[in-house]
There are 2 protein chains.
Amino acid sequence: MYRHSSSASRYSTHSAHSNYNPGGGFVTQGIRQPPPGADPTLWRWFIAVDTDGSNAISPEELQRALVNGNMTPFDIDTCKMLMNIFDTDRSGTIGFNEFVGLWQYIREWQNVFRHFDRDNSGTIDGHELSAALHQFGYNLSPALLSLVEHKYGTIAPATAYGPQSTGITFDRFVRACVVIKQLTEDFRRMDTDRDGWIQISYDQFMTSVLRAP
Amino acid sequence: MYRHSSSASRYSTHSAHSNYNPGGGFVTQGIRQPPPGADPTLWRWFIAVDTDGSNAISPEELQRALVNGNMTPFDIDTCKMLMNIFDTDRSGTIGFNEFVGLWQYIREWQNVFRHFDRDNSGTIDGHELSAALHQFGYNLSPALLSLVEHKYGTIAPATAYGPQSTGITFDRFVRACVVIKQLTEDFRRMDTDRDGWIQISYDQFMTSVLRAP
């Protein structure tokens with residue numbers, strides 16, 4: 001477990017810059033060094049998220065690190081989705097190389113989110129959602145757009161005037177887009193004659209739905 | 001807004017048993033009284049959850065009140081699902097009569113959960129899930145059962161031995177069962193000749209999926 005098992009006691013401090021290093025690697029003279037060629041900024045972020053200094057980001061560490069613009073934590077299903085996409089070696093954790101991909105993915109989605117959040121409210125409303133999905137090439141009916149808006153909208157405080165219109169936070173916007181992309185791709189793959197209809201078994205139907213994040 | 005607007009200052013304390021009562025009703029001589037015929041236990045629970053004393057449970061109050069056996073809060077999608085089921089007058093809040101239904105629903109699911117959590121671990125594992133869905137009359141393939149188990153399993157701490165097997169907490173177990181029920185009913189409704197295959201358009205497909213909680 002310890003890189004230097006004969007001096008394990010030297011590596012017992014738990015902090016963001018801990019030397020405790022059960023995952024091995026990158027410890028040099030008590031300072032965590034980036035892998036050769038690593039972007040120093042990304043390495044600093046990685047060790048900030050990797051709070052137990054294991055050189056691997058656990059799902060819990062990821063969930064603690066990911067917050068929306070309004071400081072609410074990412075919902076559990078979005079965190080699980082990100083783990084599933086970026087834990088490419090299926091270790092159950094995110095290593096530094098996997099983290100680089102995750103970081104870029106989140107940065108790109110942040111740019112998309114800012115672009116479509118036209119009123120800079122920090123959430124995506126119905127009109128902004130419609131514009132985004134249209135630009136991504138999805139042709140959803142108004143009824144479907146309304147379903148997406150309500151499914152992924154956050155829980156808003158009720159007011160004396162009744163239910164408030166709820167916006168979609170960053171985490172749920174990304175998840176909504178991934179779900180729509182994945183389901184649309186599933187459908188198109190099965191729609192071999194491109195007539196907008198498919199023949200599907202119960203097992204195929206349930207598999208498609210349950211695979212979506 | 002105030003029942004006694006001429007003496008509004010008397011109703012300014014915010015607490016679980018506050019007299020502040022913008023929703024109207026049930027305030028008698030400074031003590032919140034249950035509606036006629038109300039179960040006193042349920043009324044005590046209702047006013048405990050209704051922390052702002054509005055006689056209506058907001059989505060936020062509901063989310064603060066609902067916790068799993070391991071004290072983790074219910075996930076946002078399960079809270080939204082419960083609001084959608086029980087906010088029958090679409091006011092955006094849960095009144096006392098709606099709360100009675102919600103309370104019974106959760107009690108019944110708690111009994112189901114305890115019944116299938118054979119090892120009393122507080123979560124449902126793969127075998128327990130399989131037993132539950134089989135008893136509910138769903139015939140899911142092992143691959144589908146595995147998908148459900150992973151989709152609704154919670155984020156577990158990674159260990160030195162790799163990803164941990166994750167169990168399904170109460171909130172996500174209820175949501176998984178409701179999703180499977182709803183999708184199976186959708187499928188059966190369309191499978192008019194009962195051959196296990198349906199013809200479905202893109203719009204129908206997406207609507208069915210996005211309506212599921």
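For chain A, an unreviewed UniProt entry supplies the name EF-hand domain-containing protein and the organism Botryobasidium botryosum. The heading Subcellular location (unreviewed entry) in the UniProt record of chain A holds the text "Cytoplasm".

Before going further, it helps to examine the environment of Tyr138(A). Residue and element names in this part refer to chain A. As for its placement among the helices and strands, Tyr-138 is situated in the loop between helix H5 (126-135) and helix H6 (142-152). Along the chain, Tyr-138 and Thr-166 lie 28 residues apart, while their C-alpha atoms are 22 Å from each other. Beyond its immediate stretch of four places on either side in the chain, Tyr-138 contacts Leu-133, Ile-180, Lys-181 and Thr-184.

This part is about the pattern of salt bridges. If the charged atoms of two oppositely charged side chains come close together, the side chains can form a pair. Applying the stated criterion across every chain yields a total of twelve salt bridges over all chains. In this structure, Arg172(A) engages Asp75(A) in a salt bridge whose closest nitrogen and oxygen atoms are separated by 2.7 Å. Within this pair, whereas Arg172(A) is found in helix H7 (residues 170-190), its partner Asp75(A) is found in the loop between helix H2 (59-65) and helix H3 (76-86), the two being separated by 97 residues in sequence. Of the residues examined, Asp75(A) reaches a relative accessible area of 8% and is grouped as buried. Linked by salt bridges that have partners in common, Asp75(A), Arg172(A), Arg175(A) and Asp77(B) make up one network.

Okay, the relation of the copies chain B and chain A next. In screw terms, the move from chain B to chain A is a rotation of 180° and a rise of 0.0 Å along the axis, fitting with an RMSD of 0.0 Å. Look at the turn and shift together and you get a two-fold axis relating the two. Of every C-alpha in chain B, the one belonging to Gln199(B) sits nearest the axis of rotation, 2.2 Å from it. Mapped onto chain A, 100% of the interface residues of chain B again fall at the interface, so both copies present the same surface.

To continue, consider the domain arrangement of chain A. Residues and elements named next belong to chain A. Each assigned domain of chain A is listed here: domain 1 (1-116) and domain 2 (121-213). Every contact between the two is made by 16 residues of domain 1 and, on the other side, 19 residues of domain 2. Interface area lost by domain 1 to domain 2 is led by Trp-109, Phe-113 and Phe-116, which between them contribute 48%. If you look at where domain 1 meets domain 2, you find two salt bridges. Along the contact surface separating domain 1 from domain 2 lie seven residue pairs in polar contact (both at pLDDT 80 or more). Secondary-structure elements contributing two or more residues to the side of domain 1 that touches domain 2 are H3 and helix H4 (96-116). In terms of residues, the side of domain 1 that touches domain 2 owes the most to one element, H4, which gives eight residues. Its residues placed into classes, the side of domain 1 that touches domain 2 shows nine nonpolar, five polar and two charged.

Conventions we followed
- Residues numbered from 1 in each chain as written.
- Chains lettered and ligands numbered in written order.
- Predicted model: local features only at pLDDT ≥ 70, side-chain atom pairs only at ≥ 80, totals over all residues.
- Heavy atoms only, no water.
- UniProt positions renumbered as here; feature names shortened; annotations may be inferred.
- Helix = DSSP H or I, 4+ residues; strand = E, 2+ residues; numbered from the N terminus.
- Contact = heavy atoms within 4.5 Å.
- Salt bridge = Lys/Arg side-chain N within 4 Å of Asp/Glu carboxyl O.
- Buried < 20%, exposed > 50% of the residue type's maximum accessible area, 1.4 Å probe, protein only.
- Least-squares fit on C-alpha atoms with pLDDT ≥ 70 in both.
- Domains from an automatic or database assignment.
- Buried area = accessible area lost by both parts, 1.4 Å probe.
- Polar contact = N/O pair within 3.5 Å; in protein donor to acceptor, adjacent residues only side chain to side chain.
- Nonpolar A, V, L, I, M, F, W, Y, C, P; charged D, E, K, R; others polar.

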